[in-house]
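Coordinate analysis (summary)
The primary structure of each chain is shown beneath.
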Amino acid sequence: MASPTLPQGKQIKEPGDIVRGFEQHGYITDAALGTVVFLGTKLGKPVLLEGHAGLGKTQVAKVLAEFLGAPLIRLQCYEGLDINSAVYEWNYQKQLLAIKIEERTNQTVEEKEKHIFSREFLLERPLLQAIQTENVSPVLLVDEVDRADEAFEAFLLELLSDFQISIPELGTVKAKHIPHVILTSNRSRELSDALKRRCLYHWIDYPDLEKELKIVSARLPGIEQELNRQLVSFVQSVRHLHLNKSPGVAETLDWAQALMALGKHKLDQDAVEATLGCLSKSVEDAAKIKGAGIEKMVASVGQ
Amino acid sequence: MEEETLAAGLEAAKRITEFCRFVRAEGLSAGVKESVTALEAARAVGIADRELLRLALRSVLCSSKDEWDKFDDLFWVFFRDVERDKSRRKEAAGSQKKDDRLPESAVSTFMGKSGATGEQEDGGRAVVGAATTERLKRADFSQVQQKDLAELERLAVRLLRQMSLRLSRRMKIMQPRGRVDLRRTIRRSISRGGDPIYLSFRNKKLQQDRLTVLLDISGSMNAYSLFLLRFAYALQKHFKRVDTFLFSTQLAEITPMLRSRDLYQALFALGQVSAGWSGGTKIGESLRDFIDFHGRKLLTRNTLFLILSDGWDTGEPEILAAQLDAIKRRVRKVIWLNPLLGMSEYQPVTRGMSAALPYIDVFAPAHNLESLLDLERHLTRS
């Protein structure tokens, strides 16, 4: 399969280039993710990112687009997503008007039909846009693909293998440049084997202490080191509590911002209790954290 | 010189292909096409750096978290660095045992030839041994094929099939007309000069429900579980998805076995699963396992959650209540079938059952065929 076209002057020779490039754009990552993205661009294969919510899956596509200087096209999947909102739709209002305007002309039915089903009346949705971009391969982000239903997944599979879309009224549109495709999934349902096998797979896990410290200071440059260390260690220990929804990196960042906004310089029990809503998104989880003893946990990260 | 590098390249390609075959035999889903991709990937990152090669091959050959977790061990077993072994040999001179785990032996192990195996493999075998003993307990399962049961069985299959047909038909009648489909309407109106005389409609596709069934197979439930199993099997045709689990003290998924077209094949395959047949019951803990491992996938707003159990729980009722609460908030309906409910003097006062009651939408008996068929009305959308 052909590989995506990189912008002029951009060269990616090894996975390290990706890791360094991402870091320059404020995304701390490791060799594993670097390798997957590298292979994705090199072999022209879609990359499937799975992992819990809030660990920066979507961000990968955004940063890749920034890094490459390529446009980012995003398709957010949801239950009931159909071809009309994902690929293309005809502009019906405009078509109806055109029919009225042309009523008195001597055009034949065929001519009229040809006119109102021309490009002028076509609304391009993300997937069609993605294969129509000029000059350079765009980054196509298919976000939360597990939320779309199986029928759509099958369509996506076809698109990802041929990179062409057929519109009955217009004919087949073939990709000018193969896009860099990033799919993300929260594993709310199992994706089909066929789709998974077409993709390079990467599981994004919770970062370790060191990496999370780096992420927080990269994203929130103003944060004090001591506070950063304490709150990240706290979050890391909360992840061991088997909550219904363990806090992701997004929650850590939210929390750090909240603590900074409150003018805290170090973690204490009151501060944690006041801002617990940033970490736990349900009453049960909050109760679990409290049950584990906030004071004790603060003390253990305090030294 | 050139020939040498070529030969080395070929050798490497061969090893990678062998590795692909190895992981396939170990249960990864990667097919032949992935082997080709694996070679391309190896070429892209080079083979000098083992770590990089591992990352690259992992992204190609894995397609789920399970496989992802399994991969590293497989990789290191196969690509045990010759150099590493050398250094290790220096460190522990005389320890010949390590040498047995060179790649060749790893390959022959999975190929089924018996050879020298390491500690890991031995550990695995011990587990298998324990499972075999447990599996022997399936005996009471196959005893069901008694003469008087055969007639009842036939009847059950027939009636359940009828019921599942009736369910399907009911769905159709309830479809409303839906919204105007502009695309088709305009298309059809052109031949009439653009006036949309006939409107085309389209409709939201009716979401089919999913059914998740948890069957209690502890000692007290044996006789009933078997019929409920048939019930679950019959329902598969009607629902978009039926996931079936067995539990007693632990949880076991049997969905793939029930997919078999033939009920008897399915029952036979089931005999191979063991989840501590006929032991005690820990409903709460089993439900917690279910939420942890399958909850994200199966607990949706389209899910009907069906539990068959008599509620004799040896675990803590608080745990059971908490889990049921968590489940109830995520699914459409919680149905609890209790065979004891068929007895006139039964009161749901066992600790487990009374803890569970507040979280149950439908509490119904399931002691005979009639009561099962009666469930029909709870399984349709109204």
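Analysis parameters
- Residues numbered from 1 in each chain as written.
- Chains lettered and ligands numbered in written order.
- Predicted model: local features only at pLDDT ≥ 70, side-chain atom pairs only at ≥ 80, totals over all residues.
- Heavy atoms only, no water.
- Pairing = 2+ DSSP bridges.
- Helix = DSSP H or I, 4+ residues; strand = E, 2+ residues; numbered from the N terminus.
- Phe/Tyr/Trp six-rings, centres within 6.5 Å; stacked < 30°, edge-to-face > 60°.
- Buried < 20%, exposed > 50% of the residue type's maximum accessible area, 1.4 Å probe, protein only.
- Lys NZ or Arg CZ within 6 Å of the ring centre and 35° of its normal.
- Axes fitted to C-alpha atoms, helices over the stretch in contact; angles between N-to-C directions.
- Contact = heavy atoms within 4.5 Å.
- Lys, Arg positive; Asp, Glu negative; His and termini not counted.
- Salt bridge = Lys/Arg side-chain N within 4 Å of Asp/Glu carboxyl O.
- Polar contact = N/O pair within 3.5 Å; in protein donor to acceptor, adjacent residues only side chain to side chain.
- Arc of directions from axis to C-beta.
- Right-handed = clockwise from strand over helix to strand, strands pointing away.
- Left-handed = near helix turned anticlockwise from the far one by under 90°.

**Some points on the pairing of strand β7 (residues 171–174) of chain A**
Looking along a regular strand, one sees side chains alternate from face to face of the sheet. Bridge count between strand β6 (residues 164–167) of chain A and β7(A): four bridges; the pairing is antiparallel. Following the sheet pairing, A:Q164 is matched in β7(A) by A:K174.

**Concerning the packing of aromatic side chains**
Any pair of aromatic rings gets described here by the distance separating the centres and the angle formed by the planes. In this structure the tally under the stated criterion is 19 aromatic pairs over all chains. Measuring from ring centre to ring centre gives 6.2 Å for A:F152 and A:F155, while their planes differ by 35°; the resulting arrangement is tilted. Placement of the pair is A:F152 and A:F155 together in helix α8 (residues 150–162), with a separation of three residues, close to one helical turn. Like A:F155, A:F152 is buried. Taken together, B:F19, B:F22, B:F71, B:F75, B:W76, B:F78 and B:F79 form an aromatic cluster joined through their ring pairs. If you follow A:K94 out to its NZ or CZ, it ends over the ring of A:F121, 5.3 Å from the centre. We note B:R58 situated over the ring of B:W68; from NZ or CZ to the ring centre the distance is 3.6 Å.

**Examining the sheet that holds strand β4 (residues 241–247) of chain B**
Residues and elements named next belong to chain B. Read across the open sheet, the six strands follow the order β5-β4-β3-β6-β7-β8; overall the sheet is mixed. The outermost strands of the open sheet, each flanked by one partner alone, are β5 (251–253) and β8 (362–364). Taken over all neighbouring pairs, the strand axes of this sheet differ in orientation by 20° on average, direction set aside. Pairing geometry for strand β6 (residues 303–308) and strand β7 (residues 333–337), over five bridges, is parallel. Looking at β7, one finds that F305 is bridged to V334. Contacts from helix α14 (residues 283–298) reach β3 (210–216), β4, β5, β6 and β7 within the one sheet, and its direction differs from that of β4 by about 155°.

**What about the side chain of B:E67?**
Structurally, B:E67 can be placed in helix α4 (residues 65–78). Nearest to the buried, unbridged B:E67 among oppositely charged side chains is A:K196, at 6.5 Å. At 3.1 Å, the side chain of B:E67 and the backbone nitrogen of B:S29 are in polar contact. Look past the residues within four positions of B:E67 in its chain and what remains in contact with it is B:G27, B:L28, B:S29, B:L61 and B:C62.

**Here we look at helix α15 (residues 283–291) of chain A**
What sets the pattern is the α-helix's 3.6 residues per turn: residues three or four places apart point alike. Residue and element names in this part refer to chain A. Among all positions in α15, only D285, A286 and I289 are buried. Seen end-on, α15 carries its buried residues on one side only, within an arc spanning 100°. Across α15 from its buried face, at more than 90 degrees, point the exposed residues V283 and G291. Each element contacted by the buried residues of α15 is listed here: α11 (225–238), α14 (276–279) and α16 (294–302).

**Things to note about helix α10 (residues 209–219) of chain A**
All names here are of chain A. Among the residues of α10, those classed as buried are E212, I215 and V216. Angularly, the buried residues of α10 cover 95° about the axis, an arc narrow enough to put them on a single face. Among the structural elements, α11 and α12 (249–261) are those in contact with the buried residues of α10.

**As for the side chain of A:S185**
Residue and element names in this part refer to chain A. Here S185 lies in strand β8 (residues 180–185). A relative accessible area of 0% places S185 in the buried class. Within polar-contact distance, the side chain of S185 engages the side chain of E50 at 3.3 Å. Residues within four places of S185 in sequence aside, it is in contact with L48, L49, E50, G51, K57, V145, D146 and L191.

**Structural notes on the environment of B:I197**
Residues and elements named next belong to chain B. Among the structural elements, I197 can be located in the loop between α10 (182–189) and β2 (201–202). Overall, the relative accessible area of 53% leaves I197 in the exposed class. Here the alpha-carbon distance between I197 and T185, two residues 12 residues apart in the chain, equals 8.5 Å.

**Quick notes on the pairing of β7(B)**
Residue and element names in this part refer to chain B. Counting buried positions over the five residues of β7 gives five, a clear majority of the element. Of the two faces of β7, the one carrying K333, I335 and L337 and the one carrying V334 and W336 are both buried. Once you follow β6 into helix α15 (residues 317–328) and on to β7, the crossover reads as right-handed. Strand direction decides the pairing type here: β7 and β8, joined by three bridges, are parallel. Within β8, the position partnered with I335 by the bridge is V362.

**Observations concerning the packing of α14(B) against α15(B)**
Residues and elements named next belong to chain B. Orientation of α14 relative to α15, taken along the N-to-C sense of each, is 35°, at an axis distance of 8 Å. As for the relative orientation of α14 and α15, their crossing is left-handed in sense. Every residue of α15 that contacts α14 at I283, G284, E285, L287, R288 and I291 is listed here: I319, L320, Q323, L324, A326 and I327.

**Let's talk about unusual backbone geometry**
All names here are of chain A. If you check the backbone angles, N135 has positive phi at about 70° while not being a glycine. Relative to the helices and strands, N135 is located in the loop between α7 (126–130) and β5 (139–143). With a relative accessible area of 66%, N135 lands in the exposed category. Even without being glycine, F163 reaches a positive phi, approximately 50°. Along the chain, F163 turns up in the loop between α8 and β6.

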